[in-house]
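For reference, the chains in residue letters:
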Amino acid sequence: MTSKDDIASKKAASKTIVKSPEVYPPVGPYSQAILANNTTLYVSGVLGLDRDAQLVPGGVEAQTRQALCNLQHVLQAGGATFESVIKTTILLGDIQDSKSVNQIYEQYFQKDCPARATFQVGKLPMGALIEIEAIALSGPLVVAEAGPCPCHRDRN
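Since the model is a prediction, treat every value here as computed from it, not as a measurement. (Residues numbered from 1 in each chain as written. Predicted model: local features only at pLDDT ≥ 70, side-chain atom pairs only at ≥ 80, totals over all residues. Heavy atoms only, no water.)

Participant: Run through the side chain of Q63, naming residues and quoting values.
Facilitator: Mapped onto the elements, Q63 comes out in helix 2 (residues 59-77). Since its relative accessible area comes to 5%, Q63 is described here as buried. Beyond its immediate chain neighbours, meaning those up to four positions away, Q63 contacts G48, L55, V56, A128, L129 and I130. (Helix = DSSP H or I, 4+ residues; strand = E, 2+ residues; numbered from the N terminus. Buried < 20%, exposed > 50% of the residue type's maximum accessible area, 1.4 Å probe, protein only. Contact = heavy atoms within 4.5 Å.)

Below is the structure:
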């Protein structure tokens with residue numbers, strides 16, 4: 001059985017609601033981002049919306065730039081940067097837009113790109129053509145490259 005002293009001696013987990021005034025308010029019941037234990041930032045999907053929550057004109061290219069700009073603002077509000085992003089998920093209305101999206105995406109993630117998944121979905125909120133969500137590390141960052149997986153050994 002756990003005593004009150006055992007519970008009190010454990011460090012409490014923290015959940016911080018992150019908001020950027022530079023980005024449109026959420027269009028549903030969710031937060032722009034959550035900072036967990038002051039180290040991991042979970043960013044909700046961002047759309048290519050302006051501050052007034054209107055889709056920017058110009059197709060998938062313009063929406064991609066705006067979504068990445070919105071992502072940058074939320075990352076900054078949570079103490080993170082594009083360099084500290086460890087995973088993104090891109091949702092597209094049309095997977096054929098991948099090439100255009102990649103050309104813009106690589107302008108923001110120029111080095112040590114995060115892990116990523118890209119999916120075509122049936123429909124995005126507000127008729128958007130793209131949505132991008134991210135997980136990032138918050139605070140001082142050390143980037144290291146790993147060699148071959150330690151489980152991969154020469155079997156000869």
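Participant: I'd like a rundown of the pairing of strand 4 (residues 85-92), residues and numbers included.
Facilitator: Across seven bridges, strand 4 lies against strand 6 (residues 130-137) in antiparallel orientation. Looking at the pairing, I90 lines up with I132 of strand 6. Bridge count between strand 4 and strand 5 (residues 115-120): six bridges; the pairing is parallel. From the neighbouring strand, K87 faces strand 5, where its bridge partner is A115. Running through helix 3 (residues 98-108), the crossover from strand 4 to the neighbouring parallel element strand 5 is right-handed. (Pairing = 2+ DSSP bridges. Right-handed = clockwise from strand over helix to strand, strands pointing away.)

Participant: Lay out the environment of E22 in plain terms, naming residues and giving numbers.
Facilitator: Along the chain, the position of E22 falls in the loop between strand 1 (15-18) and strand 2 (33-36). Judged by its relative accessible area of 33%, E22 is partly exposed. For the pair E22 and H73, spaced 51 residues apart in the sequence, the C-alpha separation amounts to 6.4 Å. Among residues more than four places away in sequence, those in contact with E22 are R51 and H73.

Participant: Which residues make up the packing of aromatic side chains, and what values do they have?
Facilitator: One pass over the structure, following the stated rule, counts three aromatic pairs. Arranged with centres 5.5 Å apart and planes meeting at 65°, the rings of F82 and Y108 form a pair that is edge-to-face. Placement of F82 in the loop between helix 2 and strand 4 and of Y108 in helix 3 is noted, with a sequence separation of 26 residues between them. With relative accessibility at 12%, the residue F82 sits in the buried group. Between F82 and F109, the ring centres sit 4.9 Å apart and the planes meet at 80°, which makes this aromatic pair edge-to-face. In this pair, F82 is assigned in the loop between helix 2 and strand 4 and F109 in the loop between helix 3 and strand 5, connecting sequence segments 27 residues apart. A relative accessible area of 3% places F109 in the buried class. Members of the aromatic cluster, each reached through a chain of ring pairs, are F82, Y105, Y108 and F109. The ring centre of Y105 lies 4.6 Å from the NZ or CZ of R116, which sits over that ring. (Phe/Tyr/Trp six-rings, centres within 6.5 Å; stacked < 30°, edge-to-face > 60°. Lys NZ or Arg CZ within 6 Å of the ring centre and 35° of its normal.)

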